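Per-entry structural report
Chain residues, written in single-letter form:
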Amino acid sequence: MQENHPGFILNFIVRAIVGMSLIFFVNEFLSSKGIDVSVGYNLITLLTSGTLGIPGVAMLYGIVLFPTL
């Protein structure tokens with residue numbers, strides 16, 4: 001038998017909100033410093049930050065920065 005885990009859903013929502021907020025503030029910070037690197041706000045970034053948390057947000061910035069190397 002499989003039980004529903006409301007804690008998992010709540011955890012996902014909290015990570016998604018914190019991750020999207022972090023993306024917003026990092027984008028604003030980089031923009032204020034004149035660095036033209038930003039991660040967009042879309043379903044993929046929401047799912048990534050909700051599933052992986054802050055390391056997922058760091059991965060998204062790594063993916064965006066990779067072509068500039």
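Below: a short report on this structure. Owing to the predicted nature of the structure, the values given are computational and were not obtained by experimental measurement.

About the thresholds
- Residues numbered from 1 in each chain as written.
- Predicted model: local features only at pLDDT ≥ 70, side-chain atom pairs only at ≥ 80, totals over all residues.
- Heavy atoms only, no water.
- Patch = residues over 30% accessible without salt bridge, like charges linked within 9 Å, V, L, I, M, F, W, Y side chains within 5 Å.
- Areas by Shrake-Rupley, 256 points an atom, 1.4 Å probe, with all protein chains shown as cover.
- Salt bridge = Lys/Arg side-chain N within 4 Å of Asp/Glu carboxyl O.
- Helix = DSSP H or I, 4+ residues; strand = E, 2+ residues; numbered from the N terminus.
- Buried < 20%, exposed > 50% of the residue type's maximum accessible area, 1.4 Å probe, protein only.
- Contact = heavy atoms within 4.5 Å.
- Axes fitted to C-alpha atoms, helices over the stretch in contact; angles between N-to-C directions.
- Parallel < 35°, antiparallel > 145°, perpendicular 65-115°, else oblique.
- Nonpolar A, V, L, I, M, F, W, Y, C, P; charged D, E, K, R; others polar.
- Core = buried A, V, L, I, M, F, W, Y, C linked by side-chain atoms within 4.5 Å.
- Polar contact = N/O pair within 3.5 Å; in protein donor to acceptor, adjacent residues only side chain to side chain.

What follows is about a nonpolar patch on the surface. On the surface, Leu10, Val14, Val18, Leu22 and Ile54 cluster together into a nonpolar patch covering about 430 Å² of accessible area. Looking at the nonpolar patch element by element, the count peaks at 4 residues for helix α1 (residues 6-32). By secondary structure assignment, the location of Leu22 is in helix α1. Note on Leu22: relative accessible area 31%, which makes it partly exposed.

Another point: the environment of Met59. Residue placement: Met59 occurs in helix α3 (residues 54-65). For Met59, a relative accessible area of 39% corresponds to the partly exposed category. Measuring from C-alpha to C-alpha, the distance between Met59 and Arg15 comes to 15 Å, with 44 residues separating the pair along the chain. Setting aside anything within four residues of it in sequence, one finds Met59 in contact with Thr48 and Leu52.

Viewed as axis vectors pointing N to C, helix α2 (residues 43-52) and α3 meet at an angle of 140 degrees, and their least axial separation amounts to 6 Å. Relative to α3, the element α2 lies oblique. From α2, Thr45, Thr48, Ser49 and Leu52 reach across to α3, where they touch Ile54, Pro55, Gly56, Val57, Met59 and Leu60. For the contact of α2 with α3, a count of residues per class yields 6 nonpolar, 4 polar and no charged.

A general feature of soluble globular proteins is that nonpolar side chains tend to end up buried together. In terms of nonpolar packing, the biggest core is built from 8 residues, these being Met20, Ile23, Leu30, Val37, Val39, Val57, Leu60 and Tyr61. Of all the secondary-structure elements, those providing two or more residues to this core are α1 and α3. With residues near it in sequence (within four places) discarded, Leu60 still touches Ile23, Val39, Thr45 and Thr48.

All of the buried residues in α2 are Thr45, Thr48, Ser49 and Gly50. Summarising the contacts, the buried residues of α2 are in contact with α1 and α3. Of the residues that open α2, the one with a side-chain oxygen 3.1 Å from the backbone nitrogen of Ile44 is Asn42. Following α2 by one or two positions, Gly53 adopts a phi angle in the positive range, close to 75 degrees.

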